[in-house]
Amino acid sequence: MRHRHDLPSSPTSRRRFLVAGAVAGGSLLAPSLRLPPAGAEEPAPHQHGSDNDEPVFEELGGRPAELRPKAGLAPVPPPRIVRRSEWGADESLRNGEPSYAPVKKLVVHHAATPNNPADPAATVRSIQVYHVRDRGFQDIAYNFLIDQRGVVYEGRWARDYGAGETPTGQLADGRGVVGAHALNYNTGTCGICLLGDFTSTQPSQAALDALVAVLAWQCSLNQIDAVKSDTFTNYEGVTRTFPNIVGHLDLTPTGCPGDVLYRGIPTLRTRADGLLKGGLVGYWVLGQDGTPNPVAGAAPLGDLRNRRISARATAMAATPSGQGYWVVDHVGGVHAFGDARYVGSLPERGLSVLAPAIASTPSGQGYWLMDEIGGVHSFGDAGYFGSLPERQVRTRASALAPTPSGRGYWVLDQVGGVHSFGDAGYFGSLPERRVRAWGAGFASTPSGRGYWVLDDAGGVHSFGDAGFAGSAWGRIPSGSARGLLAEPGGGGYYVLVSDGRVLAFGSVADFGGTRVPVRAVALAGVRRTSTQ
């Protein structure tokens, strides 16, 4: 198979040419590389001297100077990787001496093989045979491969790893093995390939999640900023500035990694960046029917309909791990999913009232429920610090947010008034600014010394140390704003619209929203954890 851009620019270069060849295991493979019949491998520096070869690095403490850690990138654990011995690599096929270089860029591919193979390991074996016997490569071209189930496979041999050691694709000094996935851009890059053809088909969510995990891990390992563009000198000595995570077609005229996958690369970058910098990696948009619709790094963990509960949903909150959530129904019942712990609800206390807000404690071992008149109810390890009825405040309430310490909370009333309890500080509210609008959402800054208030027209109002990053006012119908979600680092926030759209402001990943068949009522985020 030749990709649509593998031919010179002409009317025929826009057509798709299919050339199927039988390879080991009976699979039909389509190479995702635009390479000439010979010389596809860039010669190793010690084999063919050239001004374009990678320079020799002076070792500092056993690691090249360029690989020293950069500030701001958190360590990201590796995903489970299937070793070459596990997927059945034929080590007798390997030929020549591998070369190594510091990894500076990550390149996304698709294999252009049939989608959803019944035996993905057999497909990987077939790719290795095709690349060596038909293409004349030293070994399989890619550094890592990912199947539709999200299983990650070790690609090109770099070295023999010890028992329990993760195959990194690198030597012990941190230099990565040079593959054959992008001609003239092999040296200094890591090629990650999804099994399948994504020209017109969407990759599975499991495959995308695994791809994000590998990208973030490799960025962490090689101290690459996932969302920046840095200069790169290729094997021919051409220096360009381009994104640190790219699709194959950004480097070579080809249709790889397929139109659909390629369009998603900006989201892959921002999701990987969330893992690296401790930000959000996705969120759930809760529909009034009780379905938390997952977006980006959020996983589907269940909904009210699956439990045959016919109730209107009013609120939800995620657990600190991001592996669970609570959904609240219209009578104050709490329903736990994933690793969310159930520790009680309003009907058990003899109450049957609308509860428009729920918030998790920092430990995830408890939560606060707020009823429609601002009464706060504590469950599990949640402390009680007061509520609106005790202060003789007679108004409806719309949002509740705990302080970072968990020793206090704020209650937002329907006219945008902010009420502080426990160690929550007061920094102002909408009535003081003579803003006449309904309060629709509330979020605290990471320090707890400020907050944002969302009005129902989409206006965002900053108080204390909260920075203003933009507003949805004028971009959405008046009265359609439904929730506010702040990025954990305080650099931005999301506004939920009743039709399921999610608008991003500031330095947050723009994951977009989702179409919901009913009104969207809540937004809950998944933040990066050490296990993601």
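Cut-offs used in this document
Residues numbered from 1 in each chain as written. Predicted model: local features only at pLDDT ≥ 70, side-chain atom pairs only at ≥ 80, totals over all residues. Heavy atoms only, no water. Helix = DSSP H or I, 4+ residues; strand = E, 2+ residues; numbered from the N terminus. Buried < 20%, exposed > 50% of the residue type's maximum accessible area, 1.4 Å probe, protein only. Contact = heavy atoms within 4.5 Å. Areas by Shrake-Rupley, 256 points an atom, 1.4 Å probe, with all protein chains shown as cover. Expected span 1.5 Å × (residues − 1). Lys, Arg positive; Asp, Glu negative; His and termini not counted. Salt bridge = Lys/Arg side-chain N within 4 Å of Asp/Glu carboxyl O. Phe/Tyr/Trp six-rings, centres within 6.5 Å; stacked < 30°, edge-to-face > 60°. Lys NZ or Arg CZ within 6 Å of the ring centre and 35° of its normal. Pairing = 2+ DSSP bridges. Axes fitted to C-alpha atoms, helices over the stretch in contact; angles between N-to-C directions.

(A) Spatial organisation of the overall build of the chain. A count of helical and extended segments in the chain gives 5 helices and 32 strands. Expressed as a percentage of the 532 residues in the chain, the buried residues total 59%. Considering only intrachain contacts with a sequence separation of at least 6, the fraction spanning at least 24 residues in the chain is 57%. As displayed, the chain offers around 21600 Å² of accessible surface, 50% of which is attributable to carbon and sulfur atoms.

(B) Looking closely at helix α3 (residues 205–222). Taking 1.5 Å of rise per residue, 18 residues should cover 26 Å, and α3 covers 26 Å from first to last C-alpha, within 8% of that figure. Taking burial as the measure, the 18 residues of α3 include 14 buried ones, the bulk of the element. Just downstream of α3, Q223 is the residue with a positive phi angle, here 55°.

(C) Up close: the side chain of E154. Residue position: E154 is located in strand β9 (residues 152–154). Here E154 is buried and forms no salt bridge, its nearest opposite-charge partner R84 lying at an N-O distance of 5.0 Å. With residues up to four places along the chain from it excluded, the contact list for E154 reads I81, V82, R83, R84, W87, N143, F144, L145, Y161 and P167.

(D) The arrangement of the packing of aromatic side chains in detail. Under the criterion given, the structure shown has 20 aromatic pairs. Between Y283 and Y494 the ring centres are 5.0 Å apart and the planes differ by 70°, which places this aromatic pair in the edge-to-face class. Remark: Y494 occurs in strand β30 (residues 492–497) and Y283 occurs in strand β15 (residues 280–287); sequence separation between them is 211 residues. Here the two residues Y283 and Y494 agree in accessibility, since each one is buried. With a centroid separation of 5.6 Å and an interplanar angle of 55°, the aromatic rings of F427 and Y451 are classed as tilted. Of this pair, F427 sits in the loop between β25 (418–422) and β26 (439–444) while Y451 sits in strand β27 (residues 450–455); the two residues are 24 residues apart in sequence, bridging distant segments of the chain. The cationic tip of R307 hangs over the ring face of F337; the distance from NZ or CZ to the ring centre is 3.9 Å.

(E) A look at the sheet that holds strand β17 (residues 313–318). With antiparallel pairing, the 3 strands of this open sheet are ordered in space as β17-β18-β19. Each end of this open sheet is capped by a strand with a single partner; those strands are β17 and β19 (334–338). Each neighbouring strand pair of the sheet contributes to a mean axis angle of 20°, computed without reference to strand direction. Relative to strand β18 (residues 324–329), β17 runs antiparallel, the two being bridged by 5 bridges. Within β18, the position partnered with M316 by the bridge is V327.

(F) Broad picture of the pairing of strand β13 (residues 239–243). Bridge count between strand β12 (residues 229–233) and β13: 5 bridges; the pairing is antiparallel. In the sheet register, T233 faces β13, and the bridge partner there is T239. Where β12 hands over to β13, the hairpin turn is made up of 5 residues, of which G237 adopts a positive phi near 85°.

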